[in-house]
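Architecture at a glance
Chain by chain, the residues:
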Amino acid sequence: YDKALDLLTTSLIKLPTSAGIHFALADAYMASEDGTNALYYINEAVKIEPKNKWYISRLADIYERTNQFTEAADVVKKLIKIDPSQLDHQYRLAEIYTKKGDLNTANDIYATMLNKYGTEEVIHYRRYINFAKMGDTDSAMVISSLGSPMYGSVTLYKGLRSKPKR
């Protein structure tokens, strides 16, 4: 990554207002696990192109990867305002709240998604897992009674995985 960082930095000297170069530098720094510089450069890219959803999404990625979940949630909320019909952003926001440990808020977001877009097995599953983690076995059992085969081998106990296998 050092060579890439050198080349990108040289490019940035010649094209200081290139959002793309800032974005690439953010990626290179994140790949080398330098979250501080990654955040600096992705924020610069967003300043240059504040409506670019890819740059905003990467900003959320970097906040999330550096365990800055409050900031990541704030950025994803901006993405939702830009494109409210994008279900992935709402799911991502719920996942960030789950990582943050705010399972009630995550489940509220999942419930809103279900009400707005209809049933989706993975969303029911995520709510089920969160209720189980909170020790709310009654709510978890209501969700599991929906009859999905996804729940067949899942038992209720603290410490369940936070993400289903993909």
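Our structure's up above, just so we're on the same page.
Below, the structure is looked at part by part. Remember, it's a predicted structure, so these values are computed and weren't measured experimentally.

Some points on a positive patch on the surface
Residues Lys77, Lys78, Lys81 and Lys100 make up a contiguous surface patch of positive charge. Among the elements that make up the positive patch, the one with the highest residue count is helix α5 (residues 69–82) (three residues). By secondary structure assignment, the location of Lys78 is in helix α5.

Details of the packing of helix α7 (residues 103–117) against helix α8 (residues 121–133)
With their axes 10 Å apart at the nearest point, α7 and α8 run at an angle of 155° to one another. The orientation of α7 with respect to α8, classified from their angle, is roughly antiparallel. The two elements α7 and α8 cross, and the hand of that crossing is left-handed. For the pair α7 and α8, the contacting residues are Leu103, Ala106, Asn107, Tyr110, Ala111, Met113 and Leu114 in the first and Ile123, His124, Arg126, Arg127, Asn130, Phe131 and Lys133 in the second.

Calculation criteria
Residues numbered from 1 in each chain as written. Predicted model: local features only at pLDDT ≥ 70, side-chain atom pairs only at ≥ 80, totals over all residues. Heavy atoms only, no water. Patch = residues over 30% accessible without salt bridge, like charges linked within 9 Å, V, L, I, M, F, W, Y side chains within 5 Å. Areas by Shrake-Rupley, 256 points an atom, 1.4 Å probe, with all protein chains shown as cover. Salt bridge = Lys/Arg side-chain N within 4 Å of Asp/Glu carboxyl O. Lys, Arg positive; Asp, Glu negative; His and termini not counted. Charge placed at Lys NZ, Arg CZ, Asp CG, Glu CD. Helix = DSSP H or I, 4+ residues; strand = E, 2+ residues; numbered from the N terminus. Axes fitted to C-alpha atoms, helices over the stretch in contact; angles between N-to-C directions. Parallel < 35°, antiparallel > 145°, perpendicular 65-115°, else oblique. Left-handed = near helix turned anticlockwise from the far one by under 90°. Contact = heavy atoms within 4.5 Å.

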